[in-house]
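# An overview of the molecular structure
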Amino acid sequence: MTTAPAVSAARDTVAIRSQNLCRHYRMGETLIRAVDGVSLEVRAGEFVALLGSSGSGKSSVLNLIAGLDRPTSGSVVVQERDLAQLSREELAKYRLHVVGMVFQSFNLIPSMTLQENVELPLRFAEVDRSRRQTLARDALERVGLRARMEHRPSELSGGEQQRAALARALINRPQLLLADEPTGNLDSHTGTEILDMVREFNRELGMTVVMVTHERALAERYAERMIFLADGKLIDDRPNAAAALDLRAEGGES
Amino acid sequence: MKIPDLTELALRNLRESLLRNSLTTIGISVGVASLVAMLSLGTGLQQLFSRRLAKSGLFDTVLVSSRRELRGMGREEERKGPTPGESRILDEPARLEIERLPNVTEAYPDIRFVTELRYEDKPHLTMISALPQSAKSNDAFDGMQGTFFSSDNEAAVILQKSFAEELLGKTPPLGAAEPSVAELAKPLLGKELTMRYAQRQAAPATQTPLANEPAPSDGSVTSAAYSVVSREQKLRIVGISDLDPESMRGPTRAKVFLPLKLAESLHVMLPTDLREISRAASDQPVYSSISVRVKNPAQVEGVEDAIKKMGFTTFSILDASNSLRQVFRVLYAFLGIFGSLALTVASIGIVNTLVMAILERRREIGIMKAIGASDADVKKLFFAEAGAMGILGGIVGVVLGWAIGQIINLGINIYLKSQSVPPEHFWAVPLWLVVFSIIFAFLVSLVSGLYPASRAAKLDPVQALRYE
């Protein structure tokens, strides 16, 4: 991209491409066009924010990219996989290995300890027990929760829960991190802490990040690009000059 | 997901709603317990009957009679073959031939006659029959007072309880409590009886033969004549039997038993002798029937066929035992159905519990799917939970069913003891029943889990995660 000359060659490959993506629901007599002809591209390693008011369809787009939902029409291709063509089984595999997700409400399983929560994707991936424990410990170490891994989510603060959810999202080393309002339930200080961590993964691990948010300030601070949605349609797609400058500045320092 | 992981997750989920899952599991246990109790009662009763019948000697015995004896009974086989007049006589050579057949352990004549016994100078008319030494193992003599015959030609006698009552003049009025055998035995054991009988003697009967003297067997078979002499024989009472060893014989059953060899040596005039009188070719005895003991009940049929080919009529309890087996099969089916009813109710409990669990864990299922669980993973997890409840319920149920059986058995035996009947095992929990019950509970649980599991697997993750 011309406005971000510091991007590497790897960044030129397309990670996500949607074409005329639609997701319609029928609610009684009325047809709800949650996503209505969205075409967008996200390059590998990019940090993109999906912005819009509630009901704009930003979460629906994220669910389509995550393979949790299927498009009514149009296509979404992630890492050269056409998600509309995958079977339910293949979609589950895709969610397991390619995508990591964090949510506004953390979505940790309350009956499990942090370690067990973080280990859960590894169970689905049929990783051996001993290796599972090492990986879970390392992941929790990375988000600074090593000491609390035997605790249950209810014993932790919101920020700690979201950090654990991040550790879980990263455990299978996905290429794509999808975050649905990750700071929505956190105070602004803790929210910043979480997004600093997300940016760190984005830069150090080269992970592509798509974050849904309605807080423009956060998007401007962290995202390289901002995509605006309203009524299921894409209304604006522009690079975030501030973040690009920030990135360039940090790149210059190192 | 791997099976150990599935098991671990399933058990942890069961622990999470401990009360509800325990109640469901108890429901399965009660179902399995009722199944186990019912089927073990069936098994126990069958074993009890088989034991009794095998010991009674009914199943390994074939009764052989001449076709001359059993005529006009309307049985098909009686009408076929040689006419009664031409058929073989059941005499000593025939007995030896039968005894030489494969799988036959012994063949002894049925010596059975009605005669007078004197006890303390009072005459008593009764049916007497002879027993071989092998009859000792017959369980009719289990509760006997005194001893069995020490040898095959001892001048001894065993009385059936009802005859002992008659001798002592103690026959109780109908409905009154019967005196115990021990009570009857005390005044009778060791006492002497005098048997008066008609002896068949080869003619010409010039000298007076002594009792116990063997029949002349000089081969003078041309002489068909014999005479009948009145004789007496002293007999010592050695035993009083509680049960009736000849219950299967109906009206011809005896109340007094002699050792076989002694009975043979007496040459008692038998009812058959009269019937054969016109045809008799010799003074050799002709038997009315012969009891044939077969090595084991499975060989009865073959032996019967071989004897029929020799031209005799046979009877065994095999037909009766077949229908008995049929009765047990029906009993089994009924007990099984009643036992399964409770398990069916319990399986509805499993469905209910798991459907509740889906509603409660909707979000959890959504999360699992979002982080990469496949439909199959979710399905398997619910199956594992159902299966775990099934196996746990099965194990607890088998123990419970066994305990119920033991308690009832104990109760029955306390009652039997008070009635001075030896204790019995009415309840049997064979290993196959244990294994079968647990596997059955497991399978029933899996079937119950079918609907909840597929419903959980189909859950839409977007919907599941939408609501708090």
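Residues numbered from 1 in each chain as written. Chains lettered and ligands numbered in written order. Predicted model: local features only at pLDDT ≥ 70, side-chain atom pairs only at ≥ 80, totals over all residues. Heavy atoms only, no water.

Attention now moves to the sheet that holds strand E2 (residues 30-43) of chain A. Residue and element names in this part refer to chain A. Pairing is antiparallel in the open sheet, where four strands are placed in the order E2-E1-E4-E5. Unpaired on one side and paired on the other, E2 and strand E5 (81-82) mark the two borders of the sheet. Both strand E1 (residues 14-27) and E2 contribute to a ladder of 11 bridges, which runs antiparallel. If you follow serine 18 over to E2, its bridge partner there is leucine 40. (Pairing = 2+ DSSP bridges. Helix = DSSP H or I, 4+ residues; strand = E, 2+ residues; numbered from the N terminus.)

We now examine the pairing of strand E8 (residues 208-213) of chain A. All names here are of chain A. With six of its six residues buried, E8 lies for the most part within the structure. Residues Thr208, Val210 and Val212 line one face of E8 and the alternating positions Val209, Met211 and Thr213 line the opposite face, and both faces are buried. Strand direction decides the pairing type here: strand E7 (residues 176-180) and E8, joined by five bridges, are parallel. Across the sheet, the residue bridging to aspartate 180 is valine 212, located in E8. (Buried < 20%, exposed > 50% of the residue type's maximum accessible area, 1.4 Å probe, protein only.)

Looking now at unusual backbone geometry. Positioned with a positive phi, glutamate 126 of chain A is a non-glycine residue whose angle comes to about 55°. Relative to the helices and strands, glutamate 126 of chain A is located in the loop between helix H3 (114-124) and helix H4 (129-142).

The next thing to look at is the packing of helix H1 (residues 3-16) of chain B against helix H12 (residues 375-418) of chain B. All names here are of chain B. At their nearest, the axes of H1 and H12 sit 9 Å apart, and the two run at 65° to each other. In the packing of H1 onto H12, the handedness of the crossing is right-handed. Counting all contacts with H1, which are made through Leu6, Leu9, Ala10, Leu11, Asn13 and Leu14, the residues of H12 involved are Asp377, Lys380, Leu381, Ala384, Glu385, Ala388 and Met389. Classifying every residue of the contact of H1 with H12 by side-chain character gives nine nonpolar, one polar and three charged. (Axes fitted to C-alpha atoms, helices over the stretch in contact; angles between N-to-C directions. Left-handed = near helix turned anticlockwise from the far one by under 90°. Contact = heavy atoms within 4.5 Å. Nonpolar A, V, L, I, M, F, W, Y, C, P; charged D, E, K, R; others polar.)

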